[in-house]
Amino acid sequence: MAKIGVIANPSAGKDIRRLVASGRIISNQEKANIISRFISGLLSKGVRDFYFMPDKSGLCKPAIENYRDQININFLDTKFYDGPEQTLIAASLLNDIKCDCVLVLGGDGTNRLVAKKINQTPLIPISTGTNNAFPLMIDPTIAGIAAGFFVNLLKGKDKYLIRNPYISVKVDENEKDIALIDLAISKQNFVGSKAIWDPEMIEELFLTKSSPLSIGLSSIGSRVLSPNKNKGIRIIFGQQGKVIYAPIAPGLISTLKVKNWSHMNPDEIIKLKNFSGTIALDGEREIEIFGNNKIEISYKKSGPYIIDIIKSIKQDNLSQN
C-alpha cells in the first residue's frame with residue numbers, strides 16, 4: 001500500500017517580511033484546509049496510509065476528524081514540536097520508511113530542510129511561505145489526485161518526475177549546507193531574524209533558476225541573464241555596476257547595482273575568501289562566516305524530485321477515457 005508523508009510548517013509565511021515588506025499571511029486554518037483537500041484527492045485514488053508530522057497548532061487535526069474512518073493515521077515521533085529541528089527529523093523518518101511521496105507545506109526554506117534529508121522520495125511542495133520559487137501554486141485537490149495517480153503506478157514512474165538542482169556550500173572544506181533556489185553572501189554579521197531583504201547587504205548571489213515572475217532574490221537573475229535550465233547563475237554586486245530593479249520581497253521593489261554576472265556549470269567549484277558576514281540560504285541567513293574562512297560553492301543537478309502534477313493529471317484523465 002502507498003504511504004504518504006505530510007510535513008506542514010506552522011511558521012511558514014509569518015516571518016519579519018510581514019513588517020518590512022507586504023508578505024502575505026497564510027493562516028493555520030488555511031494550511032489545515034490545504035491538507036484536507038490534498039487527502040480528499042488521494043482518497044479518490046484509494047490511498048489510505050498517511051504519516052503526519054505533529055505540531056502544536058494541530059494543522060492535521062481537521063483532516064483527521066474529517067477522514068478518521070477512511071484513512072490510516074500515523075504520527076511521526078519527532079521528539080520536537082515546531083522549529084527547523086522537527087522538520088529535519090520528520091523528513092529523515094519519512095525517508096527511512098520509504099514513503100511514496102511527501103506533501104510539504106511551506107516556502108523555499110521549509111522545502112530546503114526537507115530536501116536535506118529526503119533522498120529519492122518525490123515531493124509535492126505547495127506554496128504557503130513568503131518566497132515561493134520552489135513550491136507550487138496549485139489547488140491541493142488536484143495535487144492529491146495527481147499524487148494518487150503517481151503512487152498507484154506499477155511502472156514508468158520516472159516519466160512523471162522532475163529533478164531539481166541545488167547549490168552546495170562548503171566552509172573550510174566541510175560539507176555545510178544547501179540552497180534550492182538562492183544562496184547569498186551577506187555583509188550582515190549575525191543571523192538575527194534570518195530573513196534577508198536589504199539589497200545593500202548582498203555582495204554575491206548564486207541561483208539555481210530565475211524567473212521574471214518570481215518574488216525574492218531569485219528574481220534578480222532574470223534581469224541580467226537569459227535562463228538556462230542546465231546552468232546556475234552567479235551575480236556580483238558593486239557600486240559601479242549596472243542598475244536594475246527587482247522585487248526582492250513581496251511589495252518591496254529594490255534598486256541594485258550589478259557589477260558582474262555569469263552562468264555556473266554543473267559541479268563547477270567557485271572558491272571565495274576574505275568575506276565576513278553571513279550566508280543566506282533560500283532567503284534566510286543561516287551560516288556566519290569570517291575573513292579566514294574558505295568557501296566553496298557549486299551548482300548540482302542531483303537535487304530533490306517533485307511529482308510533475310500537470311503531466312500526471314493529464315495522463316490520469318486520458319486513462320479514464
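These numbers come from a predicted model, not from an experiment.

How each quantity is defined
- Residues numbered from 1 in each chain as written.
- Predicted model: local features only at pLDDT ≥ 70, side-chain atom pairs only at ≥ 80, totals over all residues.
- Heavy atoms only, no water.
- Patch = residues over 30% accessible without salt bridge, like charges linked within 9 Å, V, L, I, M, F, W, Y side chains within 5 Å.
- Areas by Shrake-Rupley, 256 points an atom, 1.4 Å probe, with all protein chains shown as cover.
- Salt bridge = Lys/Arg side-chain N within 4 Å of Asp/Glu carboxyl O.
- Helix = DSSP H or I, 4+ residues; strand = E, 2+ residues; numbered from the N terminus.
- Buried < 20%, exposed > 50% of the residue type's maximum accessible area, 1.4 Å probe, protein only.
- Pairing = 2+ DSSP bridges.
- Axes fitted to C-alpha atoms, helices over the stretch in contact; angles between N-to-C directions.

1. Topic: a nonpolar patch on the surface
There is a patch of nonpolar side chains on the surface, built from Val243, Tyr245 and Ile253 and spanning about 340 Å² of accessible area. Positionally, Ile253 belongs in strand E12 (residues 252–264). Given the relative accessible area of 64%, Ile253 is considered exposed.

2. Observations concerning the environment of Ala184
With respect to the helices and strands, the residue Ala184 is situated in strand E9 (residues 182–186). Considered as a pair, Ala184 and Ile202 are 18 residues apart in the sequence and their alpha carbons are 6.5 Å apart.

3. Structural notes on the pairing of E9
Working note: regular strand, side chains alternate between the two faces of the sheet. Counting buried residues in E9 gives five out of five residues, a clear majority hidden from the surface. Burial along E9 is two-sided: Asp182, Ala184 and Ser186 and Leu183 and Ile185, pointing in opposite directions, are all buried. As defined by bridge partners, E9 adjoins strand E10 (residues 202–207) across five bridges and the pair is classed as antiparallel. What sits directly across from Ala184, in E10, is Leu205.

4. A short note on the sheet that holds strand E11 (residues 232–249)
The strand order across the open sheet built from six strands is E12-E11-E10-E9-E14-E15, with neighbouring strands paired in antiparallel fashion. Since the sheet does not close on itself, it has two edges, and those belong to E12 and strand E15 (284–289), each with one partner. For this sheet the average axis-to-axis angle between neighbouring strands, irrespective of direction, equals 35 degrees.

5. What to know about the sheet that holds strand E8 (residues 174–179)
Strand order in this open sheet of four strands is E8-E7-E16-E13, and the pairing throughout is antiparallel. Only two strands of the sheet have a single neighbouring strand rather than two, namely E8 and strand E13 (269–272). Averaged over all pairs of adjacent strands, the angle between their axes in this sheet comes to 25 degrees, without regard to strand direction. Here strand E7 (residues 166–171) pairs with strand E16 (residues 295–300) via six bridges, running antiparallel.

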